[in-house]
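Below, each chain spelled out in residue letters.
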Amino acid sequence: MTQNLRWLIAALMAATVFRAQTILFLPSLEAFGGPASNAWFGPWATDAILGLLVPVMVFVFWTVRDVRAWGGLVVYNAIGVLDYSHGLLTQLLHPMPTAMASSVTVYFGIGLFMLLQLAALTLLFRRDVINRFASSSN
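Quick caveat, the model's predicted, so the values are computed rather than measured.

Draft legend 1. The side chain of Thr-90, seen in detail. Considering the arrangement of structural elements, one finds Thr-90 in helix H3 (residues 67-93). Assessed through its relative accessible area of 6%, Thr-90 is described here as buried. In terms of polar contacts, Thr-90 uses its side chain to reach the backbone carbonyl oxygen of His-86, at 2.8 Å. For Thr-90, the contacting residues outside a window of four places in its chain are Ala-39, Trp-40, Pro-43 and Pro-95.

See below:
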């Protein structure tokens, strides 16, 4: 795996760190007296957890070289993509109040970051990336 590819995968994963900010949205749920549908609890809670795990996963990507680490990275990024798709579906069925964000902003933001995470996931399946994790040599 080339150094440029390593940086690209790490950057794609690191770009999703912004999802951690969704923890700040939780008080705006209807359950807490806010304007947002409670249907957003799942996507926001998962976003917050995955966002907080970004530095850990990037660290694992850079430092650990075994198949278990590769599997963990694949699972992490796959769950991330599924969470973004859950957010898109939630926006479709329970749109976020326009006082919080416009529909265009929500769809664009979630869609863009989903594509970044999907790109990272796809790159993890390149033979040279798999070989890096499968071999014990540098």
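Draft legend 2. Local environment of the nonpolar core. Counting residues in each nonpolar core, the largest one holds 22 residues, and the members touching the most others are Ile-9, Met-13, Phe-61, Leu-73, Leu-124, Val-129 and Phe-133. When residues of this core are traced back to their parent elements, those giving at least two are helix H1 (3-14), helix H2 (41-63), H3, helix H4 (103-124) and helix H5 (127-134). Top element by residues in this core is H2. It accounts for six residues. Excluding its chain neighbours within four sequence positions, the residues that come into contact with Ile-9 are Met-1, Phe-61, Leu-123, Leu-124 and Val-129.

Draft legend 3. Geometry of the layout of surface pockets. Considering only enclosed or pocket space, the largest pocket measures out at about 430 Å³ in volume. Together, 22 residues line the largest pocket, and Gln-21, Thr-22, Phe-25, Gly-109 and Ile-110 are the ones closest to its centre. Contributions of two or more residues to the lining of the largest pocket are made by H2, H3 and H4. For the lining of the largest pocket, the element with the highest residue contribution is H4, accounting for five residues.

Draft legend 4. Geometry of the packing of H3 against H4. Two numbers describe how H3 lies on H4: the axes approach to 9 Å, and their chain directions differ by 160 degrees. The orientation of H3 with respect to H4, classified from their angle, is roughly antiparallel. Note that H3 runs across H4; the crossing there is left-handed. Of the residues that constitute the contact of H3 with H4, the class distribution is 18 nonpolar, eight polar and no charged.

Draft legend 5. Quick look at the side chain of Arg-6. Looking at the element boundaries, Arg-6 is found in helix H1. For the buried Arg-6, no salt bridge is present, and the opposite-charge side chain at shortest range is Asp-128, 10 Å distant. From its side chain, Arg-6 meets the backbone oxygen of Trp-62 in a polar contact 3.2 Å long. With residues up to four places along the chain from it excluded, the contact list for Arg-6 reads Met-1, Phe-61, Trp-62 and Arg-132.

What counts as what
Each chain carries its own residue numbering, running from 1 in the direction its sequence is written. Two thresholds apply to this predicted model, a pLDDT of at least 70 for residue-level local features and 80 or more for giving and counting side-chain atom pairs, whereas whole-chain, interface and lining totals are computed over all residues. Here the side-chain values reflect all heavy atoms present in the structure, with hydrogen atoms and water set aside. A run of DSSP states H or I qualifies as a helix once it reaches four residues; a run of E qualifies as a strand once it reaches two. Both are numbered from the N-terminal end. Exposed residues in this analysis have more than 50% of their type's maximum accessible area, buried residues have under 20%, and partly exposed residues fall in between, with area computed by a 1.4 Å probe over protein chains only. Throughout this description, a polar contact denotes any pair of N or O atoms lying within 3.5 Å of each other; where both atoms belong to protein, one of them has to be capable of donating a hydrogen while the other can accept it, and for residues adjacent in sequence the pair is counted only when both atoms sit in side chains. Two residues form a contact once any of their heavy atoms are found within 4.5 Å. To form a nonpolar core, buried Ala, Val, Leu, Ile, Met, Phe, Trp, Tyr and Cys residues must be joined to one another through side-chain atoms within 4.5 Å. Note on definitions: the grid is 1 Å and covers protein atoms alone; a cavity is a set of points where a 1.4 Å probe fits but cannot get out; a pocket is an open set with protein on both sides within 12 Å along at least five of seven lines; lining residues have an atom within 4 Å of a point. Grid points are joined across faces, edges and corners, and a volume is the space filled by probe spheres set on the points. Between N-to-C directions, angles cover 0 to 180 degrees, with each direction set by a line fitted to C-alpha atoms, over the stretch in contact for helices. Each angle receives one of four descriptions, namely roughly parallel if under 35 degrees, roughly antiparallel if over 145, roughly perpendicular if within 65 to 115, and oblique otherwise. Should the near helix be turned anticlockwise from the far one by less than a right angle, the crossing is termed left-handed; should it be turned clockwise, right-handed. Three categories are distinguished: nonpolar for Ala, Val, Leu, Ile, Met, Phe, Trp, Tyr, Cys and Pro, charged for Asp, Glu, Lys and Arg, and polar for the others, with Gly belonging to the last. For this count, His and the chain ends are skipped, Lys and Arg are scored as positive, and Asp and Glu as negative. For salt bridges, the criterion is a side-chain nitrogen of Lys or Arg within 4 Å of an Asp or Glu carboxyl oxygen.

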